[in-house]
There are 2 protein chains.
Amino acid sequence: PYQRQVYDLFLPESLREDLQKRSEATRQVLPSQPGVQLPNLQHYHSLVPLDTKLRSTASTFGLPSWVFKATSRKNGNTFCLRRIEGFRLTNEEAIKAVNSWKKITHPNIVTTIEAFTTRDFNDSSLVFVHSYHPLSKTLSEHHFATNRFGRPAPVSERVLWSYLVQLASALKAIHKAKLAARCIDINKVILTEKNRVRLGACSILDVLNFEASRRIEELQQEDFYSLGRLILSIATNTPPRNLADPRPALEQLGRTYSPELKERISWLLSTPQNVATKTAEHLVYDLAQHMDETLVASFNTQDEVTAHLGRELENGRLVRLMAKLGTINERPEFDNDPNWAETSERYTLKLFRDYVFHQVDAQGNPVVDLGHIISCLNKLDAGIDERIYLTSRDHQSTFVVSYKELKKQVQSAFSDLLKGANKPQANRY
Amino acid sequence: PYQRQVYDLFLPESLREDLQKRSEATRQVLPSQPGVQLPNLQHYHSLVPLDTKLRSTASTFGLPSWVFKATSRKNGNTFCLRRIEGFRLTNEEAIKAVNSWKKITHPNIVTTIEAFTTRDFNDSSLVFVHSYHPLSKTLSEHHFATNRFGRPAPVSERVLWSYLVQLASALKAIHKAKLAARCIDINKVILTEKNRVRLGACSILDVLNFEASRRIEELQQEDFYSLGRLILSIATNTPPRNLADPRPALEQLGRTYSPELKERISWLLSTPQNVATKTAEHLVYDLAQHMDETLVASFNTQDEVTAHLGRELENGRLVRLMAKLGTINERPEFDNDPNWAETSERYTLKLFRDYVFHQVDAQGNPVVDLGHIISCLNKLDAGIDERIYLTSRDHQSTFVVSYKELKKQVQSAFSDLLKGANKPQANRY
Ligand SMILES: Nc1ncnc2c1ncn2[C@@H]1O[C@H](COP(=O)(O)OP(=O)(O)OP(=O)(O)O)[C@@H](O)[C@H]1O
Ligand SMILES: Nc1ncnc2c1ncn2[C@@H]1O[C@H](COP(=O)(O)OP(=O)(O)OP(=O)(O)O)[C@@H](O)[C@H]1O
Ligand SMILES: [Mg+2]
Ligand SMILES: [Mg+2]
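Cut-offs and rules
- Within each chain, residues carry numbers counting from 1 in the order of the written sequence.
- All chains are assigned letters beginning at A, and all ligands numbers beginning at 1, according to the order in which they are written.
- Residues qualify for local features only when their pLDDT is at least 70, as the model is predicted, and side-chain atom pairs are given and counted only at 80 or more; totals for whole chains, interfaces and linings, by contrast, use all residues.
- Water and hydrogen atoms play no part in the side-chain values, which are based on all heavy atoms of the structure.
- Only DSSP runs of H or I with at least four residues qualify as helices, and only runs of E with at least two residues qualify as strands; both kinds are numbered from the N terminus onward.
- For each residue, the accessible area found with a 1.4 Å probe, counting protein chains only, is set against the maximum for its type, and the residue is called buried under 20%, exposed over 50%, and partly exposed in between.
- In this analysis, two residues are considered to be in contact whenever any of their non-hydrogen atoms come within 4.5 Å of each other.
- Accessible areas in this description were obtained via Shrake-Rupley with a 1.4 Å probe; residue shielding takes into account the shown protein chains only.
- Paired strands, as defined in this entry, are two strands with at least two bridges between them according to DSSP.
- The axes are straight lines fitted to the C-alpha atoms, using for helices just the contacting stretch, and the angles between their N-to-C directions are given from 0 to 180°.
- Being near a molecule or strand, for a residue, comes down to having at least one heavy atom within 4 Å of it.
- N or O atoms within 3.5 Å of each other form a polar contact, as long as, within protein, one can give a hydrogen and the other can take it, and as long as residues adjacent in sequence are counted only when both atoms are side-chain atoms.
- Gly falls in the polar group here, along with every residue not listed as nonpolar (Ala, Val, Leu, Ile, Met, Phe, Trp, Tyr, Cys, Pro) or charged (Asp, Glu, Lys, Arg).
- Among buried residues, those of type Ala, Val, Leu, Ile, Met, Phe, Trp, Tyr and Cys that are joined through side-chain atoms within 4.5 Å constitute a nonpolar core.
- Salt bridges are defined by distance alone: a side-chain nitrogen of Lys or Arg within 4 Å of a carboxyl oxygen of Asp or Glu.
- The fit set for superposing copies consists of C-alpha atoms from residues with pLDDT of at least 70 in both; the fit itself is least squares.
- Two parts placed together each lose some accessible area under a 1.4 Å probe, and adding up what both lose gives the buried area.
- Only Phe, Tyr and Trp rings take part, Trp by its six-membered ring, and two of them pair if their centres are within 6.5 Å. Stacked means planes under 30 degrees apart, edge-to-face means over 60, and tilted covers everything else.
- Whether a charge sits over a ring depends on NZ of Lys or CZ of Arg being within 6 Å of the ring centre and within 35 degrees of the ring normal.
- With a 1 Å grid laid over protein atoms only, a set of points is called a cavity when a 1.4 Å probe fits there but cannot get out and a pocket when it is open yet has protein on both sides within 12 Å along at least five of seven lines; lining residues have an atom within 4 Å of a point.
- Grid points are joined across faces, edges and corners, and a volume is the space filled by probe spheres set on the points.
- The criterion for a disulfide is a pair of cysteine sulfur atoms lying within 2.5 Å.

Next up on the list: the overall build of chain A. Assigned secondary structure in chain A consists of 14 helices and ten strands. Every one of the 429 residues in chain A was classed for burial, and the buried ones make up 52%. Contacts spanning at least 24 positions in sequence make up 63% of the contacts within chain A whose residues lie at least 6 apart. For chain A, the exposed area adds up to about 20,600 Å²; of that, 50% sits on carbon and sulfur atoms.

Right under this line is the structure:
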């Protein structure tokens, strides 16, 4: 069990790389350029633009908007800020519309944190703070990106059902809170992990269109229409502006996908005259079998990530153990202290350090083997009964010691160190 | 961004402890006792009994059964073995019934690996190999355990719905494969993580009762009945043997839980005369709103575990970096080599090592601070521009170096080491 291989100890390269890229994206800051300087907004600093387009289409909000990553001075966390350019707040009540949104936390909705006005861009701007999902893309960026043949990749029916299930679940939570999403737009739904979608711009239209307020029931019915149009647009690779009459696209969809999918989208697109008032519960019923598929996929992912986490946890233990060994060995201030002399247990630990890190072969060449290091440290951490031979540097003496004894010696040497230490923080080890 | 606090770097204690306990349970072996010795079964060795009861009730299989953890010599993985005591296989075809089960992988079904007969227990036994889920409990062990007042904890309706959703999903997969579960029993469904249930003894009755084979449709209909009885038994804290007439228990359930739950269980318990043939799809459809809740919970858990994993990954990088530093510093075989002399870059790295691990305060007392160590190593790993002062051990000279330069020096010293090394395995670092 302590013979675990190195390739086993670490994550499969793809998931590792993916998480590493996300963490780098989160930490990334702009190189300071003279002249160009983004302002700090309240306690949000280190703004980095996230927009990939040079111009904002202004289609969703009626005004251009800009998206930034920023760090909060309050807690060091990273957030997503959206600036609505040139909006003058005339009614203080309007901005309170975000309060109901703050309470909505759902895995398919980007959480709204707060909103405020600012003059820091030298105009009147409105800023919405949302939770930040590193390296996300809008569905438009993801599905309408063209490859070198100028064609987007076809979308599998499974993925379309999964989007429908996730957004239906989001709508159910939103409508239950007596709100409407209003932003089910191919530019405003973001893909944050493999196949996970989140509504990305909630609360914004509630503030911007506060004066022209419309009945919530009407807006909720529109959400269903927008959802139908979104899926139809992706399935048939048609920009939403060309879907004023959705019938030709529905026909096209019927040729590639199942009748069931066509039926579901037709229902979403149907006008209220033709069907009774639509409800999210009704939609969830209709999607039940696909919800089951999505649930199975989610459970499987969860199990896989948990298994990886269990393995990485072992690394966490080894970090702390190496840090401990590092603080014990070769401390200069004890160089002439007989209690830390080369005859005591610290001498054993020094030879053990050589055994772990400084292996040589019969010819005296260094052997550099991470597997050996990890395996020794795991055994030390477990304090097992296995014995090893340690040889002094002058090769004059050899003795046998068990990992169990070594573990005790590390603990005692480390606690000696803490006794003499300034502000000991042993609980962190 | 490199100032991350220590408490932030590691997992919340509960999840960490939970995963640690699971990993210990997986690795645990029996202390060797003279006289008592469990046999090896084919390539499965190191058997550890998992049964918590001294006697097996023989109720599910008609024969006593015993559960063990074992390690496979083929791949080092751990499996769960169930021995059916005193079963003589008369028809070779019977054991092939497991083949259809091997193909079923589902997050709410314990996977069947294989089955074989053995005489290693000095009788005729049949052994089923399943995937192993450390520290799982049967639903009976979990829900019928009494506290010190002799009363089990009441079960929330949310948990009951979640069980129903998960087992309906399992049934859907099983029935679709033209199989029947046959083991929806309070002793045979196991709880493997918080609120996750898995059918734990699939395929066994297909082999044991091969001769007395019954129509699959009939067995599938029985699955629904068993599921209803299982939930009713947990909800009302009634052992299944007292549910021959379920009506009093259903009445009792109606007083504590919603009419919807009562209706769902009544449907499951109703006899085929009263309703059309039941299907798992129908059940999934009826459970749609609760499936949505379970999906939201699963997505949230997945997000949480992924966030933890991202943080632990940083530890993985630090393990490798410390291992590298460990191989470079104080190598005895280069003690007299002028190229590794104290004037070269290795001298800088040695002083850096002192700076990281051997801090002292103004009075010369050791400062032991894991936060300092982690922060230095993170900066080294990132190779940032920040400069630090390094002082020689005799305090005679001080010089300034950036993490960027230090990172280069580590790389160059390490590649020098690999040049002289036997079987270099640099790709592992
Ligand atoms: N919460 C978020 N976290 C991280 N990135 C986000 C978040 N919300 C949006 N983004 C990213 O910011 C970029 C710009 O988003 P935006 O909504 O402006 O899209 P757009 O295509 O530029 O639309 P528009 O034309 O309306 O400006 C996209 O790549 C998107 O994935
Ligand atoms: N696949 C598995 N992985 C890990 N542990 C398991 C697995 N299957 C069962 N167990 C555990 O083994 C123990 C014994 O299981 P078993 O099915 O024998 O229950 P039981 O209550 O003893 O029932 P019976 O009376 O039929 O023997 C239980 O604690 C159960 O959680
Ligand atoms: Mg934009
Ligand atoms: Mg048992």
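Further notes follow.
All names here are of chain B. Taken in spatial order, the three strands of this open sheet run 6-7-8, and their pairing is antiparallel. A strand with exactly one partner marks an edge of an open sheet, and here the two such strands are strand 6 (137-138) and strand 8 (196-199). Here four bridges tie strand 7 (residues 189-193) to strand 8, and the two strands are oriented antiparallel to one another. Looking at strand 8, one finds that glutamate 193 is bridged to arginine 196. Strand contacts of helix 6 (residues 157-176): strand 7 and strand 8, with the helix running at about 30° to strand 8, the strand carrying the most contacts.

What follows covers the site of ligand 1. Residues and elements named next belong to chain A. In the vicinity of ligand 1 lie 19 residues, with Ser56, Thr57, Arg82, Glu141 and Lys188 positioned nearest. Contact between ligand 1 and serine 136: an oxygen atom at 3.0 Å from a main-chain N or O atom of the residue. When ligand 1 is considered free in solution it has 620 Å² of accessible area, and contact with the protein chains removes 97% of it. By residue class, the composition of the shell around ligand 1 is six nonpolar, seven polar and six charged.

Below, the discussion takes up the nonpolar core. Counting residues in hydrophobic clusters, the biggest one holds 134 residues, and the most contacted among them are A:Leu227, A:Leu230, B:Leu227 and B:Leu230. If we skip the residues at most four places from it in the chain, A:Leu227 touches A:Leu164, A:Leu167, A:Leu171, A:Ile184, A:Leu268 and A:Leu283. Formed by 61 residues, the second largest nonpolar core is a distinct cluster that contains A:Phe352, B:Leu325, B:Tyr403 and B:Leu406.

Time to look at the pattern of salt bridges. Counted according to the given criterion, the structure contains 38 salt bridges over all chains. Residue B:Glu293 is joined to B:Arg158 by a salt bridge in which the shortest nitrogen-to-oxygen separation is 3.9 Å. In this pair, B:Glu293 sits in helix 12 (residues 288-328) while B:Arg158 sits in helix 6, placing the two residues 135 residues apart along the sequence. Given a relative accessible area of 53%, B:Arg158 falls into the exposed group. What you see here is one network of salt bridges that share partners, running through A:Glu193, A:Arg196, A:Arg198 and B:Asp303.

Time to look at the relation of the copies chain B and chain A. For the pair chain B and chain A, the best superposition has an RMSD of 0.1 Å and corresponds to a rotation of 180° with a translation of 0.0 Å parallel to the axis. Classification of the inter-copy transformation places it as that of a two-fold axis. Mapped onto chain A, 100% of the interface residues of chain B again fall at the interface, so both copies present the same surface.

The next thing to look at is the pairing of strand 5 (residues 125-131) of chain B. Residue and element names in this part refer to chain B. The element strand 5 is extensively covered by neighbouring structure, given that seven of its seven residues are classed as buried. The alternating pattern of strand 5 places Ser125, Val127, Val129 and Ser131 and Leu126, Phe128 and His130 on opposite faces, both of which are buried. Note: strand 3 (residues 78-84) against strand 5, six bridges, orientation antiparallel. In the sheet register, arginine 82 faces strand 5, and the bridge partner there is phenylalanine 128. In the sheet, strand 4 (residues 112-118) pairs with strand 5 via six bridges, with the strands oriented antiparallel. Counterpart to phenylalanine 116 in the pairing with strand 5 is valine 127.

All names here are of chain B. What surrounds ligand 2 is a group of 19 residues, the closest being Ser56, Thr57, Arg82, Glu141 and Lys188. Here an oxygen atom of ligand 2 sits 2.7 Å away from a polar atom, N or O, in the side chain of arginine 82. At 2.9 Å, a backbone N or O of serine 131 approaches a nitrogen atom of ligand 2. Bound to the protein, ligand 2 loses 97% of the 630 Å² it would expose on its own. Those elements that provide at least two residues to the shell around ligand 2 are strand 3 and strand 6. A per-class count over the shell around ligand 2 returns six nonpolar, seven polar and six charged.

So, on to the interface of chain B and chain A. Between chain B and chain A, the residue contacts involve 92 residues of the former and 92 residues of the latter. Where chain B abuts chain A, roughly 7,900 Å² becomes buried across the two surfaces, and 61% of that area is made up of carbon and sulfur atoms. Where chain B touches chain A, the interface holds six salt bridges. B:Asp303 serves as the salt-bridge partner of A:Arg196, at 3.0 Å between the closest nitrogen and oxygen. At the junction of chain B with chain A, the criterion picks out 17 residue pairs in polar contact (both at pLDDT 80 or more). Every element with two or more residues in the side of chain B that touches chain A is listed here: helix 2 (13-27), helix 6, strand 8, helix 11 (280-286), helix 12, helix 13 (345-357), helix 14 (370-382) and helix 15 (403-419) of chain B. Looking at the side of chain B that touches chain A element by element, the count peaks at 31 residues for helix 12 of chain B. Looking at the side of chain B that touches chain A, its residues break down into 38 nonpolar, 29 polar and 25 charged.

On to the packing of aromatic side chains. This structure, assessed with the given rule, holds 13 aromatic pairs over all chains. When the ring of B:Tyr44 is compared with that of B:Phe79, the centres are 5.8 Å apart and the planes differ by 85°; the resulting orientation is edge-to-face. Residue B:Tyr44 is located in strand 1 (residues 44-49), and its partner B:Phe79 is located in strand 3; the two are separated by 35 residues in the primary sequence. Neither residue differs from the other here; B:Tyr44 and B:Phe79 are each classed as buried. Among the aromatic side chains, those forming a connected cluster through ring pairs are A:Tyr44, A:Phe79 and A:Phe116. In this structure, A:Lys278 packs its charged tip against the face of A:Trp267, placed 5.6 Å from the ring centre. The residue whose ring lies beneath B:Arg83 is B:Phe121, and the NZ or CZ to ring-centre distance is 4.1 Å.

So, about empty space enclosed by the protein. As enumerated under the stated definition, the model contains four cavities of 30 Å³ or more in all. Computed from the structure, the largest cavity encloses a volume of approximately 200 Å³. Every residue lining the largest cavity is counted, 15 residues in all, and those nearest its centre are A:Gly326, A:Phe357, B:Gly326, B:Arg353 and B:Phe357. Contributions of two or more residues to the lining of the largest cavity are made by helix 11 (288-328) and helix 12 (345-357) of chain A together with helix 12 and helix 13 of chain B. Here the lining of the largest cavity is composed, by residue class, of six nonpolar, five polar and four charged.

Let's shift gears to the environment of B:Thr78. All names here are of chain B. Positionally, threonine 78 belongs in strand 3. In the structure, threonine 78 is positioned 132 residues away from phenylalanine 210 in sequence and 28 Å away in space, judged by C-alpha atoms. For threonine 78, the residues in contact, after removing those within four places along its chain, are Thr26, Lys69, Ala70, Thr71 and Tyr132.

Residue and element names in this part refer to chain B. Pairing is antiparallel across the open sheet formed by five strands, whose spatial order is 1-2-3-5-4. Single-partner strands in this sheet number two, and they are strand 1 and strand 4. Neighbouring strand axes in the sheet, compared pairwise and without regard to direction, differ in orientation by 30° on average. For strand 1 and strand 2 (residues 65-72), the ladder comprises four bridges, and the chain directions are antiparallel. Looking at the pairing, histidine 45 lines up with threonine 71 of strand 2.

A few words now on the state of the cysteines. Counted according to the given criterion, the structure contains zero disulfides over all chains. Of all cysteine sulfurs, the one in A:Cys202 lies closest to A:Cys80, which takes part in no disulfide; the gap is 12 Å.

Moving on, we get to the side chain of B:Thr238. Residues and elements named next belong to chain B. For threonine 238, the location among the structural elements is in the loop between helix 8 (216-236) and helix 9 (247-256). Threonine 238 gets classed as buried once you look at its relative accessible area, which sits at 13%. Within polar-contact distance, the side chain of threonine 238 engages the side chain of threonine 236 at 2.6 Å. With near-sequence residues (within four places) excluded, threonine 238 lies in contact with Phe144, Ser233 and Leu243.

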